[in-house]
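One letter stands for each residue in the lines below.
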Amino acid sequence: MPQTKPTVAVLTALSLEYDAVLAHLTDVQTLTHPRYGTKAKQGQLPGTPWQVALVNMGEGTLTAATLTERVLTWLDPEAVIFVGVAGGLKDDIAIGDVVVATKVYAIHGGKQTPDGFLDRPEAWRASHRLEQAAKEALGTQAHFKPIAVGDVVLADRDSELFQRIRTNYNDAVAIEMESSGVAHAVHLAGEAGALIIRGISDKANADKSQADSGGSQPLAAANAAEAAITVLHELKPKTAPGQTDSDPQERPFRGPTYEGDHLDFRGGTFNGPFTAKSVGQRPDGDGR
C-alpha cells in the first residue's frame, strides 16, 4: 500500500502499550488489510513529518515475526519501532526506566547434551540510523544496552533460565517476548531498520505480580511510548536517490552551469500541450 507521506510503523504486543502510543497521534483513521483483516491505526505525529502506522500484534516471537513481515509489505514503512514493557535483569535498572536495545538476543536456540544445554546464540543489532537518532534524542534518559528475548515470562531469579542468561548473555539488561521476531523479519526484508524501546515494568523475579498489580506496566508503557515519540521528533525521513535537503525534486532544478532556460518536470505527467517562452538575452547574443 503506497504511502504519500513518510511512514514509520510502531508495533506493540499489549493493549496498554498500544494505547500509550495512540494518545500521541492526531487525525487517526483505521486501516484494514484487504486480505487478512489485520488492523492498523494510521495517524499524524504532530510537529514531525511522520505518518505513524500503529499495530497491536499480540504476544510471542512467532506472531511478532509474521505480523512484522505483513506490515512491511502492506504499509512499506521507512522504519519499524517496537514499543513495550520488559522485565529488568540488572539491579541498577529500575522499574520505569527505558531501555533502547543495541542488540537483541534470541535465547532459546541451542543443543541439549549430557553435559548440559549448550547455547547457540542469535543476535540482531539495532539499525545504526535509528540508534543514532535515539542517542541524540534521549541521551542519558535511556539505557542503551542489549536485551534478551524468549517465549517465556521470567519471574524467578533462582531459575536455571535466569542463571543461563546471566552466564551466556551477561550484557543483557532486560527480557521480553517479541523483539527477536521483529528484528529477524526486518533483517530479512533488508530495507527498513528496526529499533526496540522497552520500559521496565518488573525485575523478572517473584515480585513480578505485585509490581504489575501496583501499576508498573502502565508506567513503563507510557515511558517507552514517550521515548519513541521523542526519537521520532529527532529522526528525519530518508531522501530519494539523487535528492538532497537543499535540492529536493519538488523544486526547480539547479544545474552546475547555465545551459539556457528550462523547467524540470521529473516525475510529472501532462495530458495536454505546454508552451514556454524565454525573455532576455540568449547566449548567442540574439535576444528574443
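These numbers were taken from a predicted model, which means no experiment stands behind them.

Asker: Would you take a moment to explain the layout of surface pockets for this structure?
Answerer: Regions of empty space are outlined by a rolling probe, equal in size to a water molecule, passed over the atoms. Here the second largest pocket defines a volume of roughly 290 Å³. Val85, Val153, Met177, Lys208 and Gln217 are, among the 19 residues lining the second largest pocket, the residues nearest its centre. Looking at the lining of the second largest pocket, the elements with two or more residues in it are strand 5 (79-88), strand 11 (174-176) and strand 12 (193-202). For the lining of the second largest pocket, the per-class residue count stands at nine nonpolar, three polar and seven charged.

Asker: Looking at this model, I keep getting lost on the environment of Gly87. Mind explaining?
Answerer: Tracing the sequence through the fold places Gly87 in strand 5. Judged by its relative accessible area of 6%, Gly87 is buried. Through-space distance from the C-alpha of Gly87 to that of Ile147 is 9.8 Å; in sequence the pair is 60 residues apart. Those residues in contact with Gly87, other than ones at most four positions away along the chain, are Val173, Ala174, Ile175, Ile200, Asp202 and Ala204.

Asker: What's the story with the pairing of strand 10 (residues 143-149) in this structure? I'm lost.
Answerer: Regular strands show a simple pattern: their side chains alternate between the two faces of the sheet. With five of seven residues buried, strand 10 lies mostly within the body of the structure. As paired elements, strand 6 (residues 98-106) and strand 10 share six bridges and run parallel to each other. Paired with Val100 across the strands is Phe144, a residue of strand 10. For the crossover that starts at strand 10, traverses helix 4 (residues 160-168) and ends in the parallel strand 11, the hand is right-handed.

Asker: Sorry if this is basic, but what is going on with the packing of helix 1 (residues 15-22) against helix 7 (residues 216-234) here?
Answerer: Helix-helix packing is described using two parameters, namely the angle between the two axes and the distance between the axes. Contact geometry for helix 1 and helix 7: axes closest at 9 Å, N-to-C directions at 40 degrees. By the angle between their directions, the pair helix 1 and helix 7 is classed as oblique. Pair helix 1 / helix 7 crosses with right-handed handedness. In contact with Leu16, Glu17, Ala20 and Val21 of helix 1, helix 7 contributes Gln217, Pro218, Ala221, Ala222 and Ala225.

Rules behind the numbers
- Residues numbered from 1 in each chain as written.
- Predicted model: local features only at pLDDT ≥ 70, side-chain atom pairs only at ≥ 80, totals over all residues.
- Heavy atoms only, no water.
- 1 Å grid on protein atoms, 1.4 Å probe; cavity = no way out; pocket = protein on both sides within 12 Å on 5 of 7 lines; lining within 4 Å.
- Points joined across faces, edges and corners; volume = space filled by probe spheres on them.
- Helix = DSSP H or I, 4+ residues; strand = E, 2+ residues; numbered from the N terminus.
- Nonpolar A, V, L, I, M, F, W, Y, C, P; charged D, E, K, R; others polar.
- Buried < 20%, exposed > 50% of the residue type's maximum accessible area, 1.4 Å probe, protein only.
- Contact = heavy atoms within 4.5 Å.
- Pairing = 2+ DSSP bridges.
- Right-handed = clockwise from strand over helix to strand, strands pointing away.
- Axes fitted to C-alpha atoms, helices over the stretch in contact; angles between N-to-C directions.
- Parallel < 35°, antiparallel > 145°, perpendicular 65-115°, else oblique.
- Left-handed = near helix turned anticlockwise from the far one by under 90°.

Everything listed here is a matter of geometry and, on its own, says nothing about what the molecule does.
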